[in-house]
Amino acid sequence: AQSVTQPDIHITVSEGASLELRCNYSYGATPYLFWYVQSPGQGLQLLLKYFSGDTLVQGIKGFEAEFKRSQSSFNLRKPSVHWSDAAEYFCAVVAGGYGQNFVFGPGTRLSVLP
Amino acid sequence: GAVVSQHPSWVICKSGTSVKIECRSLDFQATTMFWYRQFPKQSLMLMATSNEGSKATYEQGVEKDKFLINHASLTLSTLTVTSAHPEDSSFYICSASVGLARGNEQFFGPGTRLTVL
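Residues numbered from 1 in each chain as written. Chains lettered and ligands numbered in written order. Predicted model: local features only at pLDDT ≥ 70, side-chain atom pairs only at ≥ 80, totals over all residues. Heavy atoms only, no water.

A. Examining the pattern of salt bridges more closely. Residue and element names in this part refer to chain A. Applying the stated criterion across every chain yields a total of six salt bridges over all chains. Note that R22 is salt-bridged to D8, the shortest N-O span being 2.9 Å. Of this pair, R22 sits in the loop between β3 (19–21) and β4 (24–26) while D8 sits in the loop between β1 (3–5) and β2 (10–14); the two residues are 14 residues apart in sequence, bridging distant segments of the chain. A single network of salt bridges, built from pairs that share partners, joins E64, E66 and R77. (Salt bridge = Lys/Arg side-chain N within 4 Å of Asp/Glu carboxyl O. Helix = DSSP H or I, 4+ residues; strand = E, 2+ residues; numbered from the N terminus.)

Here it is as structure tokens:
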């Protein structure tokens, strides 16, 4: 069965510093990969997604992610973090076949220091 | 665009009562809606998938008689937690999608926090 791991439960960075959130997936074929952000008390917002093609994907709010098949990874990056980026970040995978069986990772909580 | 709302955002109920949560797609017609459950500091777990006009498909381990899902229109799905107990306390999130194609984006609601006393 497919699974998603996010090794870092909580990350703290200073405002203006760069950020990388790790995501590893387990799936036999090429998955559909997503990154979502959840602010406190709010729903999830899609940051970016990867289906095929260019392995470096640009998203909203200055985020990007790189799909690396050899490492089964889909890490999220941002060159300069803003205080408003503090939130919970979820990596998700949709496996093959018909349907949208989203499997979410456990999430990484990002704190931003002023 | 693509806004999904949930009502109520927060509900407290007594053990043994039933609670209904509404999920609405405000500016698009959602042929498919999903219900997730999120425990504190944990990830989202898919409970069920519902298509408008048909019975919901429940994930393994989810009691369909306890979590009643109705998707009567293209803009509204409801989740009823019947005979709620304290262990049902959780954050319930719905999402909506146009179709079930693998790459279709799901738009998420803000969630409903259920506390059962």
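B. Layout of the layout of surface pockets. Put simply, the largest pocket is a space of about 550 Å³. Sorting elements by how many residues they give to the lining of the largest pocket places strand β10 (residues 87–94) of chain A first, with three residues. Looking at the lining of the largest pocket, its residues break down into nine nonpolar, eight polar and four charged. In this structure, the second largest pocket encloses a volume near 440 Å³. Lining the second largest pocket are 21 residues, and of these B:M45, B:L46, B:M47, B:E59 and B:Q60 lie nearest its centre. (1 Å grid on protein atoms, 1.4 Å probe; cavity = no way out; pocket = protein on both sides within 12 Å on 5 of 7 lines; lining within 4 Å. Points joined across faces, edges and corners; volume = space filled by probe spheres on them. Nonpolar A, V, L, I, M, F, W, Y, C, P; charged D, E, K, R; others polar.)

C. Quick look at the nonpolar core. Ranked by internal contacts, the top residues of the largest apolar core, which has 26 residues, are A:L19, A:W35, A:L47, A:L48, A:F74, A:L76 and A:Y89. Listing elements by their share of this core, those giving two or more residues are β2, β3, β5 (32–38), β6 (44–50), β8 (64–68), β9 (73–78), β10 and β12 (108–113) of chain A. Per-element tally for this core: the top contributor is β10(A), with four residues. Leave out the neighbours within four places in its chain, and A:F74 touches A:C23, A:L33, A:F34, A:W35, A:L48, A:K49, A:Y50, A:A65, A:E66 and A:F67. Core analysis: the next-biggest nonpolar cluster, separate from the first, contains 23 residues, B:V11, B:M33, B:W35 and B:I69 among them. (Core = buried A, V, L, I, M, F, W, Y, C linked by side-chain atoms within 4.5 Å. Buried < 20%, exposed > 50% of the residue type's maximum accessible area, 1.4 Å probe, protein only. Contact = heavy atoms within 4.5 Å.)

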